[in-house]
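Coordinates in review
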Amino acid sequence: MSERRWYVGIGGKSQGPFSVEEIKDGLESGRYDAQNLVFAKGMESWQALAGVPELAGLLQGGEPSPAGGPPPLPSTGPGADEIDYFIHGEEMQFVEVELDPGESAVAEAGMMMYMTSGITMETVFGDGRANQKAQGMMDKLLGAGKRLLTGESLFMTIFSNTRGAGKERVAFGAPYAGKIIPLHLSKYDGQVTCQKDAFLCAAKGVALELAFQKKLGVGLFGGEGFIMQKLLGDGWVFMHAGGTVVQKDLGPGETIRLDTGCLVALTGTVKYDVEFVGGIKSSLFGGEGLFWATLTGPGHVWIQSLPLSRLADRIYSAAPQTGGSRKGEGSVIDGFGKLGRFISGD
């Protein structure tokens, strides 16, 4: 389930946002104490940390904090709803989003799995960002055109809790075996760039933009083409990738090389380039292609173990229409081609 993001007032100035774990670390190190003022989205004003039930359990005593009045209320974002979520399953996952009254989630067309009776569904042009109603028709058409360039549908669907009280739920299913990756964009400077088909759903208010690869080599040989998706905002987004997903945290100047199809997403501070494998024998017979993707920190990178293209190639090569066998792989009968399939009943 998701957690609230907290701001801490120290000496009349606001710091944050922080997770509960970061608040706990600050208490243990002595940076914060019971008298520090805290604020999170949904609160009307600053409150002492000791008076907030979600944080009071972290306290172990401490000295009073520096004097000073409450700082100005921080902005908790340009409109992204603070949704809760649950991820179900292991290999074929789906995410269930919990919406308070008035909250909404936005998803790619056709990704909805189920929804409770209090959810209403609206199909819109573009990405369903919070200020879409104030946009003119030309802006909406441009937004839809950008989505068309990424290979996605012209439309997205907004799911809203329109009931006056009570939580409602809507679930979105992953399109193939793999993992769902939940990210809160505020932890990554409000921006993550991902491959075109990785986006699954998000809190309403998150914007989807194009990310053009400026380098010719990256666009031609980077595996993701010239166009990727850029996720902008301060709310939750959910991406999907094949197989097992691992996050690599790169330090300044640290470089990792990977198969071009295994890249899922990267933060804005990571430098993305391609590198020639090198050597005629390695390039032609190594089975890894001619180029690697090279990613240089600082920043975060998400990598998938089974790109959809690799899975599709294996399925296609095994299909009977392309010369693959339907069963009995490795058997003597299978080696006789059509005669073997006739004998085996295929």
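Cut-off values and rules
- Residues numbered from 1 in each chain as written.
- Predicted model: local features only at pLDDT ≥ 70, side-chain atom pairs only at ≥ 80, totals over all residues.
- Heavy atoms only, no water.
- Pairing = 2+ DSSP bridges.
- Helix = DSSP H or I, 4+ residues; strand = E, 2+ residues; numbered from the N terminus.
- Axes fitted to C-alpha atoms, helices over the stretch in contact; angles between N-to-C directions.
- Buried < 20%, exposed > 50% of the residue type's maximum accessible area, 1.4 Å probe, protein only.
- Salt bridge = Lys/Arg side-chain N within 4 Å of Asp/Glu carboxyl O.

1. Description of the sheet that holds strand β8 (residues 112–115)
As summarised here, the arrangement of the 4 strands in space is β5-β6-β11-β8, forming an open sheet in which the pairing is antiparallel. Two strands in the sheet have a free side with no partner beyond their single neighbour: β5 (84–88) and β8. When the angles between neighbouring strand axes are averaged without regard to direction, this sheet yields 20°. Strand direction decides the pairing type here: β5 and strand β6 (residues 94–99), joined by 5 bridges, are antiparallel. Counted as the bridge partner of H88 is F94 from β6.

2. Brief notes about the pairing of strand β11 (residues 168–173)
Consecutive side chains along a regular strand alternate between the two faces of the sheet. Extensive coverage of β11 is indicated by the burial of 5 of its 6 residues. As defined by bridge partners, β6 adjoins β11 across 6 bridges and the pair is classed as antiparallel. Residue pairing for β11: V97 is matched across the bridge by V170.

3. What to know about the pattern of salt bridges
Using the criterion set out here, one finds 6 salt bridges in the structure. One salt bridge connects K179 with E90, and the closest N-O pair in it is separated by 4.0 Å. With K179 in strand β12 (residues 178–184) and E90 in the loop between β5 and β6, this residue pair connects regions lying 89 residues apart in the sequence. According to the relative accessible area criterion, K179 is buried, its value standing at 18%. Across the salt bridge formed by R169 and E96, the nearest N and O atoms sit 4.0 Å from each other. With R169 in strand β11 and E96 in strand β6, this residue pair connects regions lying 73 residues apart in the sequence. The class of R169 is partly exposed, set by a relative accessible area of 29%.

Taken by themselves, the reported measurements are silent on function.
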